[in-house]
Structures are given as C-alpha cells and as structure tokens.
Amino acid sequence: MNEFLNLFKEAIEREDEVRLEDEFRKYDEWDSMAYLSVIALMDDKYNKQMEEAEFNTLQTVGDIYEICTKN
Amino acid sequence: MDTLFNPFSLKDKVVVISGAASGIARQCAISCSKMGARLILLDLNGVGLAETMKLVDSPEYHFYSCLNLLDYDKVSQVIKEAVNQVGKINGLLNCAGISTTNLFKITKPEELDKFFHVNVYTAYFLTQECCRVGNWAKEGGSVVFFSSVAGNLGEIGKSTYGMTKAALLNLSKHLACELARRKIRVNSISPGAICTPINMNLPHMKDPEKRAVLEAQHLLGLGEISDVANACIFLLSDASRWVTGTNLFVDGGYSVK
C-alpha cells in the first residue's frame, strides 16, 4: 500500500501526505495533468485501463488503490 | 537610491549547472556564485570542474560531481545527494552539449543518435530528475535550456547540431505549460557566436577573413561568455518572474536580418 501511495503522490506531484481516505479531487494539485498522470500510473504499473466516465465515479485515493490491486 | 534593491539577486537560490567544466557554463557558475547562488555543478570532466570550483565565490557552499549525464541512474542518485547537501533546487541551466559542422548528405544515423542523446536526452532527463517533487523547491523557480541561433535559423553544415537545438527550444515551450502549475518557469536561450577559449582555435574564429565575415553577421560583433551568463542570471532571477516559454536571443543582432 505504501508503494502505491508514494507512486500516487509522485504522479500528482504532491509534497504533503496522501491517505487512502482522502478525496483526491480536493487536493490543490488535482487538475487535468494529475488526472493523466494517474491514468498513466494505473496503466503502466498496474495494467489497469479505465474510461473517463468510470474514473469519474471514483472518489477517494482508496477507490483507485482498490482498482489497481484488484485481480 | 535603494542600494538593497536588486531583482537580479540569486541569493540562497540553489542552481544546477550542467557542463560546468568549461566555456559558457563555467562562466555561468562564476557569475551565479557572485550573485549569491548555491551551486550544483555537473560535468564529465572532473579536472575542469575542479578548476571551475577554484574560480567560483565561496566554493564551500557548492556541490560538484563528475558524472556522465547519459547515465540516468547515476544522475538521479547524484541529484538526490546534492539536494540533501545544498538544498532544494530553484534553478537549472542545461548548458551541457556538443557541437559539430557536417553536411546533410554525409551524415550517418549513428551521428544523429549521438547528438540527440548528448544534446537533447541528457537535458530532458536531467530536467525531469531536478523537477521531481522533493528535489525542486516548493516555491518554484526557473529552468533554462541552451538552444542556439542554429536552432532557429538555417546555416550550411549545421543541420545535425541545429536540429538538437531546435528540439530544446521547442521542449522549453511544452515544459513551460506542464510546469507552470508548480511555478517553475521554463525558457530557452539562443546564443550567437561567442568567443570561448575552445572555439578561438576553430577555423571560423582563427582565420582572419572568416572571422571578419562572422563578425559582420553580428551587428554588435562577437559575444563574450559573460554576455550569455548575464542573460542566464536574468532568467534565473525573480526579475523574470513573469517570463516563461520564451526564447531569448543573445546574439548581438545576428538573427535580426
């Protein structure tokens, strides 16, 4: 989980801590580039591809973590 | 007069300079140190770097490392080490590069590869490493890519070199867009013909007739390394806080005509 949180943090270029319960859209760093970076992270590291509509249903960092680690 | 007013000050800014063992980059190191910057100097040439360290102000405040910028893992390791020692980065001068004169019709793929790796890839990945969260200062800063008049204009025998310099110029515009959210400004600088100890022995500088032609092409005559270093100070300092994505010609008027 820590590895995911670090990768997520790096992807959105956030200096402060990231927690699973955080609503990522409330981060100051969240914008279209952060979105693209997270989509790329999910694809590159976890082999998960996702349409924008589906991504829009995710609320927390934990929601993304769950998708990434689901078999 | 307010003697403390100096928008060009680099006091306590941490500035990375690649290629700092000689020429323009060495002068940038000297000038930035005089403006109060703390330096992270990188070059393959350890002897030249040590010489640069003797020339900068307050050498004890700076960090230097002899490394091959094509060794990306090593670059990552060295930048982390430097940041731990000197502090988070506020500025980056991508000076390292090589030049050549060769004709299009005889250029081989491996030569293009070499030039793109040394002139473009190294600057690209050094910038990527420096700009990582944790390495770059939270308050933002300034990245400068060294392009050239040859990256903007046509010239016989300069297609290989010119293409790499055009790539850097264009890269700076895209990165200006991507990094603005973190208050990192990105610009390029395009020097004209500069008198350096190395190129003074090249035919176009040494031969009086060829030199006269070259001088005539530059409205203000040939440049000095300090002319480029001073422009870099402007781009690194808060004096240029509203300048990003631009290309600054420092060419004595070469590109005007």
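Our subject is the structure that appears above.
Residues numbered from 1 in each chain as written. Chains lettered and ligands numbered in written order. Predicted model: local features only at pLDDT ≥ 70, side-chain atom pairs only at ≥ 80, totals over all residues.

Caption draft 1: Focus on helix 4 (residues 109–130) of chain B. All names here are of chain B. The terminal C-alpha atoms of helix 4 lie 30 Å apart, and with 22 residues this matches the ideal 32 Å at 1.5 Å per residue to within 8%. Most pronounced at H117, the bend in helix 4 amounts to some 35 degrees. Along helix 4, the positions that sit buried rather than exposed are F115, N119, V120, T122, A123, L126, T127, E129 and C130. Contact partners of the buried residues in helix 4: strand 1 (14–18), helix 3 (72–86), strand 4 (91–94), strand 5 (141–146) and helix 5 (159–179). (Helix = DSSP H or I, 4+ residues; strand = E, 2+ residues; numbered from the N terminus. Expected span 1.5 Å × (residues − 1). Bend = angle between axes of the 7 residues up to and from the residue. Buried ≥ 20, exposed ≤ 12 C-beta atoms within 10 Å, placed from the backbone. Contact = placed C-beta atoms within 7 Å.)

Caption draft 2: The arrangement of the interface of chain B and chain A in detail. Every contact between the two is made by 5 residues of chain B and, on the other side, 6 residues of chain A. Considering only residue class, the side of chain B that touches chain A consists of 1 nonpolar, no polar and 4 charged. (Nonpolar A, V, L, I, M, F, W, Y, C, P; charged D, E, K, R; others polar.)

Caption draft 3: Quick look at the environment of R241 of chain B. Residues and elements named next belong to chain B. Mapped onto the elements, R241 comes out in the loop between helix 8 (225–236) and strand 9 (247–250). Note on R241: 12 C-beta atoms within 10 Å, which makes it exposed. A sequence separation of 129 residues divides R241 from L112, and the C-alpha atoms of the two residues are 36 Å apart.

Caption draft 4: Expanded view of the pairing of strand 2 (residues 38–43) of chain B. Residue and element names in this part refer to chain B. Counting buried residues along strand 2, 6 of its 6 residues qualify, which places the element largely inside the surrounding structure. Here strand 2 shows a buried face lined by R38, I40 and L42 and a second buried face lined by L39, L41 and D43. Sheet topology note: the strand 1/strand 2 ladder contains 5 bridges and is parallel. The residue bridging I17 from the neighbouring strand is L41, located in strand 2. In the classification by handedness, the crossover that spans strand 1, the intervening helix 1 (residues 23–34) and the parallel strand 2 is right-handed. Looking at chain direction, strand 2 and strand 3 (residues 63–66) are connected through 4 bridges and run parallel. Paired with I40 across the bridge in strand 3 is F63. Between the parallel elements strand 2 and strand 3, the chain passes through helix 2 (residues 46–55) in a crossover that is right-handed. (Pairing = 2+ DSSP bridges. Right-handed = clockwise from strand over helix to strand, strands pointing away.)

Caption draft 5: Region of the structure containing unusual backbone geometry. All names here are of chain A. For E13, which is not glycine, the phi torsion reads 60 degrees and is therefore positive. Within the secondary structure, E13 sits in the loop between helix 1 (2–12) and helix 2 (32–46). Using a count of 18 C-beta atoms within 10 Å as the deciding quantity, one classes E13 as partly exposed.

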